[in-house]
Amino acid sequence: MKYSLLAVVLLTAFQVSFAQNSPAEKYVKAFSERKNKWLIEKNYDSLKAMLDNRCLYIHSNGWSQTAADVIKDLQSGKMVYNKVSITESQARQFESMVIVTGKGNFEGSVDQKPFNIRLAYTEVYIKRKDNWKLVSRQSAKLEQ
């Protein structure tokens, strides 16, 4: 009896630890990681394509930007990302929506004032026709 119970517990733990995310969750999580690369590389066309027109970025200090503001501020140099290091990230799908949550270190500058902060963030992606679009992003500052 003990061995049967142990086998069931181990099998369940094995299945849970190797549970696969849905294809959409995997895709959007990688898409979110590419977004960070595009921010650093100033790949405006890719960023424009991924941001929904009504996207809202809410930064850890309460500053809000629309999709147009994000692109404009990156192009003008008002907002510069130098390095993004994601330390944890997960994606969860809810029908045609995927929510990415994570933590990471973000380095750059705003108005030529450098920042180096650790953030927790939530990104909401919606599938529009055949494309995933970022519709909302919010972050909160964490202790270093």
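Residues numbered from 1 in each chain as written. Predicted model: local features only at pLDDT ≥ 70, side-chain atom pairs only at ≥ 80, totals over all residues. Heavy atoms only, no water.

A. Spatial organisation of the overall build of the protein chain. Looking only at helices and strands, one finds 4 helices and 6 strands in the protein chain. The secondary structure elements of the protein chain, listed N-terminal to C-terminal, are α-α-α-β-β-α-β-β-β-β. Put simply, of all contacts in the protein chain between residues at least 6 apart along the chain, 48% involve residues at least 24 apart. Carbon and sulfur atoms form 53% of the exposed surface of the protein chain, whose accessible area is close to 9,100 Å². (Helix = DSSP H or I, 4+ residues; strand = E, 2+ residues; numbered from the N terminus. Contact = heavy atoms within 4.5 Å. Areas by Shrake-Rupley, 256 points an atom, 1.4 Å probe, with all protein chains shown as cover.)

B. Fine view of the nonpolar core. Ranked by size, the top nonpolar core spans 29 residues in total, and within it L51, L74, Y81, F106 and Y125 carry the most contacts. Counting residues per element, the ones that place at least two in this core are α2 (23–41), α3 (44–50), β1 (51–58), α4 (67–76), β3 (79–94), β4 (97–110), β5 (113–128) and β6 (131–142). Setting aside chain neighbours within four positions, we find L51 in contact with Y57, A67, V70, I71, K133 and L134. (Core = buried A, V, L, I, M, F, W, Y, C linked by side-chain atoms within 4.5 Å. Buried < 20%, exposed > 50% of the residue type's maximum accessible area, 1.4 Å probe, protein only.)

C. Examining α2 more closely. Compared with an ideal rise of 1.5 Å per residue, which puts 19 residues at 27 Å, α2 spans 27 Å between its outermost C-alpha atoms and is within 8% of the ideal. What α2 keeps buried is the set A24, E25, V28, F31, S32, K35, N36, W38 and L39. Each buried residue of α2 sits inside an arc of 160° when the element is viewed along its axis, so together they form one side. Two residues or fewer past α2, K42 is found with a positive phi of approximately 60°. (Expected span 1.5 Å × (residues − 1). Arc of directions from axis to C-beta.)

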